Amino acid sequence: GLEREEALTRYLERDDVKYAISYVVKIQRDINLVKVYQAMLKKALDGDVNSANWIVKFSESSFFNNKRSEIDNILEGLSLDEE
């Protein structure tokens with residue numbers, strides 16, 4: 001009923017819920033881009049020049065350059081200097 005609809009609306013307005021939805025959508029988008037990349041790579045390896053050109057452009061894009069793994073984050077926080 002109406003109470004359930006209001007509760008759902010308030011729930012969707014919460015910052016943590018918005019963040020979670022945004023995170024899931026971004027991950028799904030990245031997964032789909034990887035699937036497209038894999039399909040184009042297969043075509044490129046089979047000799048398709050347009051796919052090969054797409055692969056080169058995509059590999060130079062921010063999709064790869066801005067990806068940071070948890071390992072990158074951990075290593076950045078480590079100091080190699082002994083104290």
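Further up the page is the structure itself.
Residues numbered from 1 in each chain as written. Predicted model: local features only at pLDDT ≥ 70, side-chain atom pairs only at ≥ 80, totals over all residues. Heavy atoms only, no water.

Colleague: Kindly report on the overall build of the protein chain, identifying the contributing residues and their values.
Modeller: Tallying secondary structure elements over the protein chain gives five helices and zero strands in all. Reading the helices (α) and strands (β) of the protein chain from amino to carboxyl end gives α-α-α-α-α. Relative to its 83 residues, the protein chain shows a buried fraction of 10%. A total of about 7600 Å² of accessible surface is found on the protein chain, and carbon and sulfur atoms cover 56% of it. (Helix = DSSP H or I, 4+ residues; strand = E, 2+ residues; numbered from the N terminus. Buried < 20%, exposed > 50% of the residue type's maximum accessible area, 1.4 Å probe, protein only. Areas by Shrake-Rupley, 256 points an atom, 1.4 Å probe, with all protein chains shown as cover.)

Colleague: Explain the packing of helix 2 (residues 15-45) against helix 3 (residues 49-59) to me, using residue names and the numbers behind them.
Modeller: For any two helices packed against each other, the geometry comes down to the angle between their axes and how far apart the axes lie. Between helix 2 and helix 3, whose axes approach to 8 Å, the crossing angle comes to 135 degrees. On the basis of their axis angle, the class for helix 2 and helix 3 is oblique. Relative to helix 3, the crossing made by helix 2 is left-handed. Counting all contacts with helix 2, which are made through Leu33, Val36, Tyr37, Met40, Leu41, Lys43 and Ala44, the residues of helix 3 involved are Ser51, Ala52, Trp54, Ile55 and Phe58. Across the contact of helix 2 with helix 3, the residue classes tally to ten nonpolar, one polar and one charged. (Axes fitted to C-alpha atoms, helices over the stretch in contact; angles between N-to-C directions. Parallel < 35°, antiparallel > 145°, perpendicular 65-115°, else oblique. Left-handed = near helix turned anticlockwise from the far one by under 90°. Contact = heavy atoms within 4.5 Å. Nonpolar A, V, L, I, M, F, W, Y, C, P; charged D, E, K, R; others polar.)

Colleague: So what about helix 2? Which residues, and what values?
Modeller: Between the first and last C-alpha of helix 2 there are 44 Å, a value that for 31 residues agrees with the 45 Å anticipated at 1.5 Å per step. All of the buried residues along helix 2 are Val17, Asp30, Met40 and Ala44. A positive phi of about 105 degrees marks Gly47, the residue just after helix 2. (Expected span 1.5 Å × (residues − 1).)

Remember, this is a structural readout, not a statement about activity or role.
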